[in-house]
Amino acid sequence: AVTAVQVQTRQDFELFIVGDGVSDSTRSVMRKLMAKDARIRFFDLPKGPRNGEINRRPALAEANGRLVCYAADDDLWFPDHLETLALLLDQHDIAHTITMFANRDGSVSVAYFDAACPADRARLSYGSDGFALANTGHTLEAYRRLPEGWRTTPAGIATDVYMWLQFLEQSWCRYASH
């Protein structure tokens, strides 16, 4: 996932890696990555509830960029992912690209979703999958306008869906699906 970020066509970024109760071997890898790339900062935080979504909060408090994008340790981005989201976020507060899955059998599948579509929006509000963490970006300014930001997610709803709903519930929020 780190390499997928480092090879982006758009290179003006901060790369925050949020540790959620990581091992000593992960800390060692982080030290090596930071020594090779000054844009990387590692937040070594204790294990949080659920998926550690609450640990994203202190990292975003220190962010200086205009845009925020996400990638988990098993995610890959196309090389123009940041560039694509940056174009969308010039006019929107939150945006996402299509979700693609590389399956174990070598096949690829996609998950279409558009929160502007009433049927998709209804699915999202009931806690089913919506748009994935690794496909989503938002402006830092919009995040800081939210009532709460990243927080512990109740059981039964995906942590990223819970966050995206917080954006979409705001009357000021401008959304784009790509």
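This is a predicted model, so every value here is computed, not measured. (Residues numbered from 1 in each chain as written. Predicted model: local features only at pLDDT ≥ 70, side-chain atom pairs only at ≥ 80, totals over all residues. Heavy atoms only, no water.)

Draft legend 1. View of the nonpolar core. Formed by 28 residues in total, the largest nonpolar core has its most connected members in Leu60, Ile94, Phe131, Trp150, Trp164 and Phe167. Among the elements of the structure, helix H3 (56-61), helix H6 (140-145) and helix H7 (159-168) are those that each provide at least two residues to this core. The element that contributes the greatest number of residues to this core is H7, accounting for 7 residues. With sequence-adjacent residues up to four places away left out, Trp164 is seen in contact with Tyr70, Ile94, Phe131, Ala132, Leu133, Thr136, His138 and Trp150. (Core = buried A, V, L, I, M, F, W, Y, C linked by side-chain atoms within 4.5 Å. Buried < 20%, exposed > 50% of the residue type's maximum accessible area, 1.4 Å probe, protein only. Helix = DSSP H or I, 4+ residues; strand = E, 2+ residues; numbered from the N terminus. Contact = heavy atoms within 4.5 Å.)

Draft legend 2. Here's a closer look at the packing of aromatic side chains. In the structure shown here, the tally under the stated rule is 7 aromatic pairs. Note on Phe16 and Phe43: the rings are 5.1 Å apart at their centroids and 55° apart in plane angle, and the pair reads as tilted. Of the two residues, Phe16 sits in strand E1 (residues 15-20) while Phe43 sits in strand E2 (residues 40-45), which places them 27 residues apart along the sequence. Given a relative accessible area of 8%, Phe43 falls into the buried group. On the basis of an interplanar angle of 45° and a centroid distance of 5.9 Å, the ring pair of Phe131 and Tyr175 is categorised as tilted. With a gap of 44 residues between them, Phe131 in the loop between helix H5 (118-125) and strand E7 (136-139) and Tyr175 in strand E8 (residues 175-177) connect regions that are remote in the sequence. Like Tyr175, Phe131 is buried. One aromatic cluster is present, formed by Tyr70, Phe113, Phe131, Trp150, Trp164 and Tyr175 through successive ring pairs. (Phe/Tyr/Trp six-rings, centres within 6.5 Å; stacked < 30°, edge-to-face > 60°.)

Draft legend 3. How the structure looks around the pattern of salt bridges. One pass over the full model with this rule turns up 11 salt bridges. Between Arg174 and Asp93 there is a salt bridge whose closest N-O contact spans 3.3 Å. Of the two residues, Arg174 is situated in the loop between H7 and E8 and Asp93 in the loop between helix H4 (81-89) and strand E4 (94-96); the sequence distance between them amounts to 81 residues. Given a relative accessible area of 41%, Arg174 falls into the partly exposed group. Each of Asp24, Arg27 and Asp44 takes part in salt bridges that share partners, so that together they form one network. (Salt bridge = Lys/Arg side-chain N within 4 Å of Asp/Glu carboxyl O.)

Draft legend 4. Quick look at the sheet that holds strand E3 (residues 67-69). Here 4 strands make up an open sheet; going across it, the order is E3-E7-E4-E8 and the pairing mixed. In this open sheet, the two edge strands, each paired with only one partner strand, are E3 and E8. Going from strand to strand, the sheet's axes swing by 15° on average, the running direction of each strand aside. One ladder, built from 3 bridges, connects E4 with E8; its direction is parallel. (Pairing = 2+ DSSP bridges. Axes fitted to C-alpha atoms, helices over the stretch in contact; angles between N-to-C directions.)

Draft legend 5. Representation of the side chain of Thr159 within the structure. Summarising the element assignment, Thr159 is placed in helix H7. Residue class for Thr159 comes out buried when judged on its relative accessible area of 8%. Setting aside chain neighbours within four positions, we find Thr159 in contact with Arg50, Asn51, Glu53, Trp150 and Thr153.

Draft legend 6. Examining unusual backbone geometry more closely. Despite not being glycine, Arg50 shows a phi value in the positive range, around 55°. With respect to the helices and strands, Arg50 occurs in the loop between E2 and H3.

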